[in-house]
Amino acid sequence: MTEPLFLKPVFHEKIWGGRHLETDFGYDIPAGTIGECWAISGHPHGPNLIENGEYAGQLLPDVYAQHPEVFGNPKSKVFPLLTKILDANASLSVQVHPDDAYAEEHEHELGKTECWYVIHADEGAYLTYGHTAKTRDELRNLVDNHEWDKLFSKKQVKTGDFVYVPSGTIHALNKGIVVLETQQSSDTTYRIYDYDRVDQKTGKKRDLHLKQSIDVTNVPFQEPVLHSTSTKVGDSTVTTLITQPDSPFFSVYKWQVNGQLTREHEHGPYTLISIIDGQGTLTANNKTYDLTKGTHLIIPADIDSWTLDGQMLVIASESAE
Ligand code: ZN
């Protein structure tokens, strides 16, 4: 029997980042503006080390490649999901991600559909989300003329919201928002607009990718309709935030754990788990592990069911593959 795989987060400095990963999550982060915690990652730009069990000290992507049975012998050649916590202390670049076909052809990696559970939003915080162009020509014109206010749409968000961002959606997190992001394992971002900011480290503006952005943006923008469902399990609440067919790549769940809650894999052979508030324990195969805010782990395929106990807010996900 495989043990749950507890993962060591990887941190990335970003010009828009802040210090919430230290002050809210208690992580020991590097100095500077830290924007991203890569919490469950097999991506080469920030793979996680496994901290416990027979694979302790090994990288998640290596174990995924060498021991596919741990993951239920999945189809995907690469670990398909990436879980991050993002701390937006300033606006991120307004960006768009390609779908699988475009990303495979141009970037040799997966496309990027992502979604956000809003851990915290300041009063009045908003996303850049969607656009107003009705045709690709109109999109191109507005981009060429730098008519950003006319082009980009905004969406107010509050703590606890869930936002789905399919590939081809123009989007950005803005100041005062912390999210748990579940996405396809991809690091391809096409920037449309970056506020003409100069990166202090390099003394240069970050690259824009206008041609690719215009190529991959869905026109016209259509806001996805979500069908989340909640059920009471004892004193806990189990919510499916998104699953197939609304999201072809992953299912994402919110578990408000209050006391004991037993779960099983639902829509995939293994399950990614992030504790985003509270603390408690996990019992699997008669072994009990401590969980606290900021803990991230994977329940392998050969653990059929597991029990959480405590007061915790959990975001979990499963790959559709
Ligand atoms: Zn993005």
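The text that follows walks through the structure, step by step, so that each part is easy to find. (Residues numbered from 1 in each chain as written. Predicted model: local features only at pLDDT ≥ 70, side-chain atom pairs only at ≥ 80, totals over all residues. Heavy atoms only, no water.)

**So, the overall build of the protein**
Stage number 1. Along the protein, the regular secondary structure elements total six helices and 20 strands.
Stage number 2. Relative to a compact globule of 321 residues, whose C-alpha radius of gyration would be 20 Å, the protein shows 19 Å and is just as compact.
Stage number 3. Expressed as lengths along the three principal axes of its C-alpha atoms, the size of the protein is roughly 65 × 40 × 40 Å.
Stage number 4. Within the protein, the fraction of its 321 residues that count as buried is 53%.
Stage number 5. Summarising the internal contacts of the protein: among those between residues at least 6 apart in sequence, 72% fall at separations of at least 24.
Stage number 6. Accessible surface, the protein: about 14200 Å² in total, of which carbon and sulfur atoms supply 47%.
Stage number 7. Each charge class in the protein was averaged separately, 27 positive and 45 negative side chains, and the resulting centres sit 6 Å apart. (Helix = DSSP H or I, 4+ residues; strand = E, 2+ residues; numbered from the N terminus. Rg over C-alpha atoms; globule rule 2.2 N^0.38 Å. Buried < 20%, exposed > 50% of the residue type's maximum accessible area, 1.4 Å probe, protein only. Contact = heavy atoms within 4.5 Å. Areas by Shrake-Rupley, 256 points an atom, 1.4 Å probe, with all protein chains shown as cover. Lys, Arg positive; Asp, Glu negative; His and termini not counted. Charge placed at Lys NZ, Arg CZ, Asp CG, Glu CD.)

**A short note on the coordination of the zinc ion**
Stage number 1. Protein ligation of the zinc ion involves Gln-95 (OE1), His-97 (NE2), Glu-114 (OE) and His-171 (NE2), the donor distances falling in the range 2.1 to 2.6 Å.
Stage number 2. Seen from the zinc ion, its four donor atoms lie at angles of 79 to 163 degrees, and the figure they make is irregular.
Stage number 3. When the donors of the zinc ion are listed by position in the chain, the intervening gaps give Q-x1-H-x16-E-x56-H. Of this pair, His-97 sits in the loop between strand 6 (94-96) and helix 3 (100-107) while His-171 sits in strand 11 (residues 171-172); the two residues are 74 residues apart in sequence, bridging distant segments of the chain.
Stage number 4. Judged by its relative accessible area of 2%, His-97 falls in the buried class. (Donors = N, O, S within 2.8 Å, 3.2 Å for Na, K, Ca; no water. Tetrahedral: all angles 85-135°; square planar, octahedral: opposite > 155°, others 65-115°.)

**Points about the packing of aromatic side chains**
Stage number 1. On inspection of all chains with the given rule, the structure shows 16 aromatic pairs.
Stage number 2. Consider the rings of Phe-71 and Tyr-270, whose centres lie 5.3 Å apart with planes at 90 degrees: the pair is edge-to-face. Taken together, the positions of Phe-71 in the loop between helix 2 (60-66) and strand 5 (81-88) and Tyr-270 in the loop between strand 16 (250-264) and strand 17 (271-284) put the pair 199 residues apart, joining distant regions of the chain.
Stage number 3. The buried category is assigned to Phe-71, whose relative accessible area is 0%.
Stage number 4. Exposure remark for Tyr-270: the relative accessible area of 1% places this residue in the buried category.
Stage number 5. Clustering of aromatic rings is evident, with ring pairs tying together Tyr-64, Phe-71, Phe-79 and Tyr-270.
Stage number 6. We note Lys-154 situated over the ring of Tyr-126; from NZ or CZ to the ring centre the distance is 4.8 Å.
Stage number 7. Taking the ring centre of Phe-25 as reference, the NZ or CZ of Lys-293 above it sits at 4.9 Å. (Phe/Tyr/Trp six-rings, centres within 6.5 Å; stacked < 30°, edge-to-face > 60°. Lys NZ or Arg CZ within 6 Å of the ring centre and 35° of its normal.)

**Some words on the sheet that holds strand 10 (residues 162-165)**
Each strand in a sheet pairs with its neighbour through backbone hydrogen bonds, running either in the same direction (parallel) or in the opposite one (antiparallel).
Stage number 1. Taking strand neighbours across the sheet as the criterion, the six strands line up as 2-3-5-12-7-10 in an open arrangement whose pairing is antiparallel. Unpaired on one side and paired on the other, strand 2 (10-18) and strand 10 mark the two borders of the sheet. Here the average twist between neighbouring strands, direction ignored, is 25 degrees.
Stage number 2. Bridge analysis of strand 7 (residues 114-121) against strand 10 gives four bridges, and the strand direction is antiparallel. In the sheet register, Tyr-117 faces strand 10, and the bridge partner there is Phe-162. (Pairing = 2+ DSSP bridges. Axes fitted to C-alpha atoms, helices over the stretch in contact; angles between N-to-C directions.)

**Topic: helix 3**
Stage number 1. The backbone nitrogen of Ala-101 has a side-chain oxygen 3.3 Å away, supplied by the residue at the start of helix 3, namely Asp-99.
Stage number 2. Among the residues trailing helix 3, His-108 stands out with phi positive, at a value near 55 degrees. (Polar contact = N/O pair within 3.5 Å; in protein donor to acceptor, adjacent residues only side chain to side chain.)

**Focus: the environment of Lys-154**
Stage number 1. Relative to the helices and strands, Lys-154 resides in strand 9 (residues 152-156).
Stage number 2. For Lys-154, a relative accessible area of 63% puts it in the exposed group.
Stage number 3. Excluding its chain neighbours within four sequence positions, the residues that come into contact with Lys-154 are Tyr-126, Leu-127 and Tyr-129.

**Structural notes on the nonpolar core**
Stage number 1. Within the largest apolar cluster, 38 residues are counted, with the highest numbers of intra-cluster contacts made by Leu-21, Phe-71, Phe-79, Ile-85 and Ile-298.
Stage number 2. Tallying contributions element by element places strand 3 (residues 34-41) first for this core, with four residues.
Stage number 3. Not counting residues within four places of it along the chain, the set of residues in contact with Leu-21 comprises Phe-11, Gly-26, Tyr-27, Ile-29, Ile-34, Gly-35, Glu-36, Cys-37, Ile-85 and Asp-87.
Stage number 4. Within the second largest apolar cluster, 20 residues are counted, among which are Trp-255, Leu-282, Tyr-289 and Trp-306. (Core = buried A, V, L, I, M, F, W, Y, C linked by side-chain atoms within 4.5 Å.)

**Let's talk about the side chain of Thr-83**
Stage number 1. Mapped onto the elements, Thr-83 comes out in strand 5.
Stage number 2. For Thr-83, a relative accessible area of 2% puts it in the buried group.

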